[in-house]
Amino acid sequence: MMTRAGLSPQPSVTEIRRVEGDLFASVGSAGTAGGFLEFLDSDEAGRARFIHGGGRSVPRLD
């Protein structure tokens with residue numbers, strides 16, 4: 001199914017680099033930015049409860 005959609009079934013690894021504060025950029029293998037990510041709503045331990053990118057916020061899983 002993924003191959004028909006033009007997507008690789010293999011997992012990919014993306015590096016993220018801090019831009020400033022809680023804002024990060026994903027960096028592809030060619031060294032170019034692919035998008036931005038934000039870590040939001042810290043819990044009592046200071047860890048982000050959500051990651052926001054691509055117009056969506058996803059909760060942290062323990």
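Please read all numbers here as calculations on a predicted model, not as lab measurements.

## Observations concerning the sheet that holds strand β5 (residues 56–59)
- On the basis of which strands lie adjacent, the open sheet formed by five strands has the order β1-β2-β3-β4-β5 and antiparallel pairing. Each end of this open sheet is capped by a strand with a single partner; those strands are β1 (15–20) and β5. Each adjacent strand pair in this sheet contributes to an overall mean axis angle of 30°, direction not counted.
- Bridging between strand β3 (residues 33–42) and strand β4 (residues 48–53) involves four bridges; their strand directions are antiparallel. Counterpart to Glu38 in the pairing with β4 is His52.

## A closer look at the packing of aromatic side chains
- Throughout the structure, instances matching the rule amount to one aromatic pair.
- Ring geometry for Phe24 and Phe39: centres 5.1 Å apart, planes at 90°, overall edge-to-face. You can see Phe24 sitting in strand β2 (residues 23–27) and its partner Phe39 sitting in strand β3, a full 15 residues away along the chain.
- When its relative accessible area of 12% is taken as the criterion, Phe24 is described as buried.

Rules used in this analysis
Residues numbered from 1 in each chain as written. Predicted model: local features only at pLDDT ≥ 70, side-chain atom pairs only at ≥ 80, totals over all residues. Heavy atoms only, no water. Pairing = 2+ DSSP bridges. Helix = DSSP H or I, 4+ residues; strand = E, 2+ residues; numbered from the N terminus. Axes fitted to C-alpha atoms, helices over the stretch in contact; angles between N-to-C directions. Phe/Tyr/Trp six-rings, centres within 6.5 Å; stacked < 30°, edge-to-face > 60°. Buried < 20%, exposed > 50% of the residue type's maximum accessible area, 1.4 Å probe, protein only.

Shape descriptors only; they carry no functional weight alone.
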